[in-house]
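Commentary on secondary and tertiary structure
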Amino acid sequence: MLRKGECGEIFKVFLVSRNEGKIREFIDLGLKECVEVVPVSLDKVEIQSEDLTSIALYSAVQASLYLKELFFVEDAGLYITSLKGFPGPFSSYVYKTIGVDGILKLLSSSSDRTAIFKSVIVLHCPRQGFRVFEGSVRGSISLEARGLSGFGFDPIFIPEGHTKTFAEMSLEVKNSLSHRSKAFRAMVSWLKTAYKS
Ligand code: IMP
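What counts, and where the lines are drawn
Residues numbered from 1 in each chain as written. Predicted model: local features only at pLDDT ≥ 70, side-chain atom pairs only at ≥ 80, totals over all residues. Heavy atoms only, no water. Salt bridge = Lys/Arg side-chain N within 4 Å of Asp/Glu carboxyl O. Helix = DSSP H or I, 4+ residues; strand = E, 2+ residues; numbered from the N terminus. Buried < 20%, exposed > 50% of the residue type's maximum accessible area, 1.4 Å probe, protein only. Phe/Tyr/Trp six-rings, centres within 6.5 Å; stacked < 30°, edge-to-face > 60°. Lys NZ or Arg CZ within 6 Å of the ring centre and 35° of its normal. Expected span 1.5 Å × (residues − 1). Polar contact = N/O pair within 3.5 Å; in protein donor to acceptor, adjacent residues only side chain to side chain. Core = buried A, V, L, I, M, F, W, Y, C linked by side-chain atoms within 4.5 Å. Contact = heavy atoms within 4.5 Å. Pairing = 2+ DSSP bridges.

Here we take up the pattern of salt bridges. Two side chains of opposite charge can pair, provided their charged atoms sit close to one another. The final tally for this structure, using the stated rule, is 10 salt bridges. When the shortest N-O distance is used, the salt bridge between Lys 192 and Glu 33 registers 3.9 Å. Of the two residues, Lys 192 is situated in helix α6 (residues 179-194) and Glu 33 in the loop between α1 (20-32) and β3 (35-40); the sequence distance between them amounts to 159 residues. Look at Lys 192 and you get partly exposed, because its relative accessible area is 33%. Beyond isolated ion pairs, a larger network of salt bridges with shared partners links Lys 22, Glu 25, Glu 74, Asp 154, Lys 174 and Arg 180.

Encoded structure:
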């Protein structure tokens, strides 16, 4: 699980996901933290729940029936204030159905365009069981879709303090401030303490 590398101890941790966008982001985040993120594709049922943590925990427990190593799963969602948190845990379905344009239409007459992206990571440790890590980033929904990078709702999310959407930013810049990077760094910091030799 651990080995010595140029930057100290290198953790190898599996990521159970089929989302290419997430996989790219996690691999890049790992490189900066001495963590080797290895994607694994497993058939898993995603439950419907109003709570991201329950969804991620269910996926992690399911994956642990097949994978006995150190691994993590992530569930993320976009929470739009004027839509009372919608699409939130239903972000994946909403993206596949009404998509970015549908969200822009829903907000067409709304003066409050604030939103939060949330990420919940559940880490499976062979000895310590499951651990939950969270990250979020505040921002707003742009007036139109902008940018070609990233995935999902990136073209309409402008993080607070910035003018560009996530899709107009490089992977490195998005990773320096995203919900996902905050949850990931919290997990890495826990791993580095828990597995300190
Ligand atoms: P899930 O965690 O794969 O269920 O993600 C739910 C949906 O939220 C995805 O299909 C994307 O549409 C959206 N999403 C999650 N994270 C991001 C992100 O970092 N940028 C843009 N969209 C995201």
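Looking now at the packing of aromatic side chains. With the rule as written, the count across this model stands at eight aromatic pairs. Ring plane angle 45 degrees and centroid distance 5.6 Å describe the contact between Phe 26 and Phe 184, whose orientation is recorded as tilted. With Phe 26 in helix α1 and Phe 184 in helix α6, this residue pair connects regions lying 158 residues apart in the sequence. Residue Phe 26 is classed as buried on the basis of its relative accessible area, which comes to 0%. Take Phe 184: its relative accessible area is 0%, and that puts it in the buried class. Relative to Phe 166, the ring of Phe 117 has its centre 6.2 Å away and its plane inclined at 25 degrees; by these criteria the two rings are stacked. Placement of Phe 117 in strand β6 (residues 114-125) and of Phe 166 in the loop between β8 (157-159) and α5 (171-177) is noted, with a sequence separation of 49 residues between them. Overall, Phe 117 belongs to the buried group, its relative accessible area being 8%. In textbook terms, an aromatic cluster arises when at least three aromatic residues are bridged by ring pairs, as seen for Phe 26, Phe 72 and Phe 184. The ring of Tyr 79 carries the charged tip of Lys 118 above its face, separated from the ring centre by 4.3 Å. Seen from the ring of Phe 166, Lys 174 lies directly overhead, with NZ or CZ sitting 5.1 Å from the centre.

As a further point, take α6. Its 16 residues place the ends of α6 23 Å apart at the C-alpha level, agreeing with the 22 Å of an ideal helix rising 1.5 Å per residue. Within the span of α6, buried status applies to His 179, Arg 180, Ser 181, Ala 183, Phe 184, Met 187, Val 188, Trp 190 and Leu 191. N-cap assignment for α6: the residue whose side-chain oxygen lies 3.3 Å from the backbone N of Arg 180 is Ser 178.

Let us now look at the nonpolar core. Ranked by size, the top nonpolar core spans 21 residues in total, and within it Phe 72, Leu 123 and Phe 184 carry the most contacts. Ranked by the residues each element gives to this core, the list is headed by α6, at six residues. Non-local contacts of Leu 123, meaning those with residues more than four positions away in its chain, are made with Val 13, Leu 70, Phe 71, Phe 72, Gly 129, Phe 130, Arg 131, Phe 133, Met 187, Trp 190 and Leu 191. In terms of nonpolar packing, the next biggest core, distinct from the first, is built from 17 residues, Leu 78, Ile 80, Ile 103 and Leu 107 among them.

This part covers the pairing of strand β7 (residues 129-141). Note: β6 against β7, 12 bridges, orientation antiparallel. In the strand pairing of β7, Thr 114 is matched with Ser 140.

Structurally, Ala 115 can be placed in strand β6. Classification of Ala 115 as buried rests on a relative accessible area of 2%. Taking the C-alpha atoms as reference, Ala 115 lies 6.9 Å from Leu 78; in sequence the two are 37 residues apart. Ignoring any residue separated from it by four or fewer positions in sequence, one finds Ala 115 in contact with Leu 78, Tyr 79, Ile 80, Thr 81, Val 137, Arg 138, Gly 139, Ser 140, Ile 141 and Phe 157.

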